[in-house]
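Single-letter residue listing:
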Amino acid sequence: MNQGTCLQDLPVDLKPEKLPRHVAVIMDGNGRWAKNRGLPRIMGHRRGVEVLKDLLRCCKDWGIEALTAYAFSSENWGRPLEEVNFLMTLFEKVLCRELKEMVAEDVQIRFVGNLSSLPLSLQTEIKRSVETTGQNQGIKFTVATNYGGRQEIIQACRAIATQVQEGLLKPEEINEAIFEKYLYTTGISHPDLLIRTSGEMRISNFLLWQIAYSEIYVTETFWPDFNRAEFHRALCAYQQRERRFGKI
């Protein structure tokens with residue numbers, strides 16, 4: 001095991017009061033990680049699941065309140081059918097396997113995205129995991145599945161337009177707070193820190209509304225190699241920044 005994955009306690013150079021409350025991750029580079037090792041792409045996804053599990057535990061260990069992971073985008077359906085089918089099966093198996101442990105560790109899990117397009121068996125496991133962990137008071141773990149930021153905004157606009165059309169809402173009453181009630185992420189805090197692995201300098205249609213003032217950290221490391229030492233570096237970079245939210 002890489003020594004960087006063994007950090008249990010909060011590193012002494014991190015200030016607890018300056019930690020992000022909510023971290024979001026774009027887990028990029030699974031396929032390239034596998035290709036570089038002469039392995040099938042699915043092996044990168046399997047390894048990526050283990051990395052996400054450790055990051056969730058790390059956030060819990062270090063006192064970070066919420067973690068959101070971009071697991072499957074609405075554009076990912078365009079990948080080879082074999083890979084998409086593998087990912088759907090992997091999601092389902094992981095939920096079945098990890099639910100008991102999530103309950104024991106007081107994790108509250110939530111899924112955001114167009115879940116109605118997922119396989120019915122996966123929808124069933126998602127519903128079961130959300131209901132089972134719904135009363136947990138520990139770390140909030142959100143999984144973006146079949147998620148697209150533009151899609152989310154459009155569906156919110158449609159829902160608000162329907163409310164206006166039915167006379168339940170006046171156009172002049174629409175503000176940011178009202179709009180957020182119709183997003184997939186309603187009730188979830190905005191990320192303070194967005195981490196993207198594999199060096200890609202884009203946000204790939206992820207949380208377009210929610211990351212308006214998030215700090216963004218990009219690392220060249222592929223997701224399957226992202227460990228606690230890498231996370232430590234990201235948090236150090238975050239704590240060196242001054243968040244002004246448009247003010248002086």
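By the element assignment, Ala212 lies in the loop between strand S5 (193-196) and strand S6 (215-218). Each C-alpha atom of the pair Ala212 and Gln155 lies 19 Å from the other, and the pair is 57 residues apart in sequence.

The next thing to look at is helix H4 (residues 120-133). Taking 1.5 Å per residue, 14 residues should reach 20 Å; H4 reaches 20 Å between its end C-alpha atoms and fits that length. Within the sequence span of H4, burial applies to Leu122, Glu125, Ile126, Ser129 and Thr133. Across the axial projection of H4, the buried residues extend over an arc of 100 degrees, all falling on one side. Across H4 from its buried face, at more than 90 degrees, point the exposed residues Leu120 and Glu131.

Its boundaries defined by the atoms lining it, the largest pocket holds a volume of some 880 Å³. Every residue lining the largest pocket is counted, 42 residues in all, and those nearest its centre are Met27, Leu52, Tyr70, Ala71 and Phe91. Among the secondary structure elements, those contributing two or more residues to the lining of the largest pocket are helix H1 (30-36), helix H2 (41-62), strand S2 (66-73), helix H3 (81-104), strand S3 (108-112), H4 and strand S4 (140-147). Its residues assigned to classes, the lining of the largest pocket comprises 22 nonpolar, 9 polar and 11 charged.

About the cut-offs
Residues numbered from 1 in each chain as written. Predicted model: local features only at pLDDT ≥ 70, side-chain atom pairs only at ≥ 80, totals over all residues. Heavy atoms only, no water. Helix = DSSP H or I, 4+ residues; strand = E, 2+ residues; numbered from the N terminus. Expected span 1.5 Å × (residues − 1). Buried < 20%, exposed > 50% of the residue type's maximum accessible area, 1.4 Å probe, protein only. Arc of directions from axis to C-beta. 1 Å grid on protein atoms, 1.4 Å probe; cavity = no way out; pocket = protein on both sides within 12 Å on 5 of 7 lines; lining within 4 Å. Points joined across faces, edges and corners; volume = space filled by probe spheres on them. Nonpolar A, V, L, I, M, F, W, Y, C, P; charged D, E, K, R; others polar.

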